[in-house]
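# Descriptive structure summary
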Amino acid sequence: MSTAQRFLLDVPEAWDEVDLSGEGLAKARGKALATTDDPREKARINDMFRQGREVSRAARRHGALLASGTATLYDEGLFMAYGMVFAVTTPAGSELTLPVLSGQLGVSSATGTAPKDRGITSAKVPQVGTVARVTGTEVTQLTGDISVELLTMHTMMPVPGTTEDFLVVTLASPNLPLKSEVYDLFDAITSTFRFVSDDGVTVAGGGTGNGDA
C-alpha cells in the first residue's frame, strides 16, 4: 500500500515560485507603472508591490513548504495573489476541530480579533475528501508600521496515516473588489491538491480525519 511522501498543488501558469531576490516583482512593478501617468494609480501600484514583497518574505520566515504568487497586468488592471502551504501538527491530546480552527486561523496576530466576514465551513477536495476551510478579509501586519487587507482562504489537508498532522493551503490576494472571482479561483486551485507517494501514485486523503507528508 502506497504512503504519502509529498504533495502536489497545481497553480496557474502565470504564477511563479516566490523569488526572494525580488527581481521578478521588480520587473512586474516596472511594467505596471509604465501603464499609467496618474500619480494616485502609481502610488496604489507601488503599495501593492510593497505588500507583495512583505508577504513573500513572511511566507519564508514562517517556514512555508511552498510559496508562489503572481503579479499580472490585465486590461482591467493589476491582479496580485499568493499561495502558500504550511505544515501544522496539533498538540498532544488535542483535535483540530472547527471550533479549534476558529480560534487559530484568520485571527490577527496583532489584535487577536477575527475578520467580521470570516467563514468557517467544510469543502470538498476531490483527491483528499471533505476538509475544513476558513475564509475572511484579514488585516495582516507586515512590518511595524505596515498592515494590509487580504482576501484569504485557509484549507486544512489531513495527512494520510496520522491523526495529528495537517498541511494548510493558504491563498491570499489584496484585490478586495474581486472577492467573488478571487474565492472561485482559490477554490479551483485548492481542489487540485493531492498527496502522492514516491512513485507518483496519488494517496487517498484522510478527509476530515488527519494526515502528513
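All values reported here derive from a predicted model rather than from experimental measurement.

Looking only at helices and strands, the protein chain has 4 helices and 10 strands in total. Reading the secondary structure of the protein chain in the N-to-C direction produces β-β-α-α-β-β-α-β-β-β-β-α-β-β. By the burial criterion, 45% of the 213 residues in the protein chain qualify as buried. Contacts in the protein chain between residues at least 24 apart in sequence constitute 63% of all its contacts with a sequence separation of at least 6.

A few words on the confidence of the model for the protein chain. Per-residue confidence for the protein chain averages 76 on the pLDDT scale, and 66% of its residues sit at or above 70. The model gives residues 209-213 a pLDDT under 50, and that stretch makes 30 contacts with residues more than four places away or in other chains.

Moving on to the side chain of S191. Relative to the elements of secondary structure, S191 occurs in the loop between helix 4 (179-190) and strand 9 (194-196). In terms of polar contacts, S191 uses its side chain to reach the backbone carbonyl oxygen of D187, at 2.8 Å. In contact with S191, not counting residues within four places along its chain, are K124, V125 and P126.

Our focus in this paragraph is the environment of L178. Tracing the backbone through its elements, the reader meets L178 in the loop between strand 8 (165-173) and helix 4. Residue classification places L178 among the partly exposed positions, given a relative accessible area of 35%. Sequence separation of L178 and L151 is 27 residues, and the distance between their C-alpha atoms is 9.2 Å. In contact with L178, not counting residues within four places along its chain, are F79 and L151.

Here is what the cut-offs are and how they apply
Residues numbered from 1 in each chain as written. Predicted model: local features only at pLDDT ≥ 70, side-chain atom pairs only at ≥ 80, totals over all residues. Heavy atoms only, no water. Helix = DSSP H or I, 4+ residues; strand = E, 2+ residues; numbered from the N terminus. Buried < 20%, exposed > 50% of the residue type's maximum accessible area, 1.4 Å probe, protein only. Contact = heavy atoms within 4.5 Å. pLDDT = per-residue confidence, 0-100. Polar contact = N/O pair within 3.5 Å; in protein donor to acceptor, adjacent residues only side chain to side chain.

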